[in-house]
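Below, each chain spelled out in residue letters.
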Amino acid sequence: MSKFEVLKRYILLLIGLFINGFGVSFITKASLGTSPISSIPYTLSLKFQPTIGMFTMFFSILLIILQLCLLKKNFPKQYWLQIPVSIVFSYFIDLSMEILSFLQPDSYIQKLIFLLMGCVILGFGVFIEVIADVVMLPGEAFVKSVTITFNTDFGKTKVAFDTSMTIIAGILSLIMFHRLNGVREGTIISAMLVGFIAKMFKSKIGFLEDIFFINNKRVNVTK
């Protein structure tokens, strides 16, 4: 893979990270819960001073540490790139939350519309990230580490991971607020829709990958 192609892929990843951050923020602003991977950082941000972006960064570092514990000597050097990627992604979440600060949906219908729009945005961001094909975000990388260590199915492990994140966020919410705060039906809806939407983009406009990368002989540096 040429240096120019590597550069294009990282530029595309940067664009994908911004879109992902915007999608997470859009879902969060709907006030119906947030995406499963962001549920713990968001719930904590409702109680403590650090922003959802900062808590996302702390949580990402924790997931990277857990990957190290699972893979040990088999931890790929490329996985260290998750650290700067996590920092950038966390910054984009806070930036987009600031950009969308004017959004204050009142009715449930408005909230549901914003939630669905956020799912579409996040799904498109995931699609872009997949096309870039260079570095996984810590959530997906952790799931992959689990599948490698315990020889489990990625899809089923991802569902179990998202479910666990949602349950933990719910427990934290009950402890801190004595009610569910930050984890609602929107969390379940986004968990169900985002992956499906990303696959839809792949099937409908996946040809953009071949247009963007004329030389399609690439090496997935995350594997």
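This is a predicted model, so every value here is computed, not measured. (Residues numbered from 1 in each chain as written. Predicted model: local features only at pLDDT ≥ 70, side-chain atom pairs only at ≥ 80, totals over all residues. Heavy atoms only, no water.)

1. Quick look at unusual backbone geometry
A negative phi angle is the norm for most residues apart from glycine, just as the trans form is the norm for most peptide bonds.
Then comes step 1: Its identity as a non-glycine residue notwithstanding, lysine 72 has a phi of 50°, on the positive side.
Then comes step 2: By the element assignment, lysine 72 lies in the loop between helix 3 (52-71) and helix 4 (82-99).
Then comes step 3: Classification of lysine 72 by relative accessible area gives exposed; the value is 61%.
Then comes step 4: Even without being glycine, histidine 178 reaches a positive phi, approximately 60°.
Then comes step 5: If you trace the backbone, histidine 178 turns up in the loop between helix 7 (154-177) and helix 8 (185-205). (Helix = DSSP H or I, 4+ residues; strand = E, 2+ residues; numbered from the N terminus. Buried < 20%, exposed > 50% of the residue type's maximum accessible area, 1.4 Å probe, protein only.)

2. What about the packing of helix 3 against helix 6 (residues 138-150)?
Then comes step 1: Orientation of helix 3 relative to helix 6, taken along the N-to-C sense of each, is 15°, at an axis distance of 9 Å. Judged on the interaxial angle alone, helix 6 and helix 3 are roughly parallel. Between helix 3 and helix 6 lies a crossing of left-handed hand. Contacts between helix 3 and helix 6 involve Ser60, Leu63, Ile64, Leu66, Gln67, Leu70 and Leu71 from the former and Pro138, Gly139, Ala141, Phe142, Ser145, Val146, Ile148, Thr149 and Phe150 from the latter.
Then comes step 2: For the contact of helix 3 with helix 6, the class distribution of residues is eleven nonpolar, five polar and no charged. (Axes fitted to C-alpha atoms, helices over the stretch in contact; angles between N-to-C directions. Parallel < 35°, antiparallel > 145°, perpendicular 65-115°, else oblique. Left-handed = near helix turned anticlockwise from the far one by under 90°. Contact = heavy atoms within 4.5 Å. Nonpolar A, V, L, I, M, F, W, Y, C, P; charged D, E, K, R; others polar.)

3. Describing the nonpolar core
A general tendency of soluble globular proteins is for nonpolar side chains to be buried together.
Then comes step 1: If you look at the biggest cluster of nonpolar residues, it comprises 32 residues, and the most contacted ones within it are Leu13, Leu17, Phe26, Val85, Phe89, Leu115 and Cys119.
Then comes step 2: Elements with a minimum of two residues in this core: helix 1 (3-29), helix 4, helix 5 (108-132) and helix 8.
Then comes step 3: Ignoring any residue separated from it by four or fewer positions in sequence, one finds valine 85 in contact with Leu13, Leu17, Val135 and Leu137.
Then comes step 4: Grouped together as the second largest cluster of nonpolar side chains are 14 residues, Phe55, Leu63, Phe142 and Met176 included. (Core = buried A, V, L, I, M, F, W, Y, C linked by side-chain atoms within 4.5 Å.)

4. A short note on the confidence of the model for the protein
Then comes step 1: Summing up the model confidence of the protein, the mean pLDDT is 90 and the portion of residues at 70 or higher is 95%.
Then comes step 2: Considering only residues more than four positions removed or in separate chains, one finds that residues 217-223, a stretch of pLDDT under 50, has 17 contacts. (pLDDT = per-residue confidence, 0-100.)

5. Remarks on the pattern of salt bridges
Then comes step 1: All told, the structure shown has three salt bridges when counted by the stated rule.
Then comes step 2: Lysine 158 is the partner of aspartate 162 in a salt bridge, and the nearest nitrogen-oxygen pair spans 2.8 Å. One end of the pair, aspartate 162, and the other, lysine 158, are both in helix 7, four residues apart, so they sit about a helical turn from each other.
Then comes step 3: What makes aspartate 162 buried here is its relative accessible area of 14%.
Then comes step 4: A relative accessible area of 21% means that lysine 158 is categorised as partly exposed.
Then comes step 5: Here arginine 184 makes a salt bridge to glutamate 185, at a shortest N to O gap of 3.2 Å.
Then comes step 6: Residue classification places arginine 184 among the partly exposed positions, given a relative accessible area of 34%. (Salt bridge = Lys/Arg side-chain N within 4 Å of Asp/Glu carboxyl O.)

6. Here we look at the packing of aromatic side chains
Then comes step 1: Within this structure, the stated rule accounts for twelve aromatic pairs.
Then comes step 2: Taken together, a centroid distance of 5.3 Å and an interplanar angle of 90° make the contact between phenylalanine 18 and phenylalanine 92 edge-to-face. Here phenylalanine 92 lies in helix 4 and phenylalanine 18 lies in helix 1, a separation of 74 residues in the sequence.
Then comes step 3: Residue classification places phenylalanine 18 among the partly exposed positions, given a relative accessible area of 30%.
Then comes step 4: On the numbers, 6.0 Å between centres and 50° between planes, the contact of tyrosine 91 with phenylalanine 92 is tilted. (Phe/Tyr/Trp six-rings, centres within 6.5 Å; stacked < 30°, edge-to-face > 60°.)

7. What about the packing of helix 1 against helix 4?
Then comes step 1: Running from N to C, helix 1 and helix 4 point in directions that differ by 45°, and their axes come no closer than 8 Å. Taken together, the axis directions place helix 1 and helix 4 in an arrangement best described as oblique. In terms of crossing hand, the pair formed by helix 1 and helix 4 is right-handed. For the pair helix 1 and helix 4, the contacting residues are Leu13, Leu14, Leu17, Phe18, Asn20, Gly21, Phe22, Val24, Ser25, Thr28 and Lys29 in the first and Val85, Val88, Phe89, Phe92, Ile93, Leu95, Ser96, Met97 and Ile99 in the second.
Then comes step 2: A per-class count over the contact of helix 1 with helix 4 returns 14 nonpolar, five polar and one charged.

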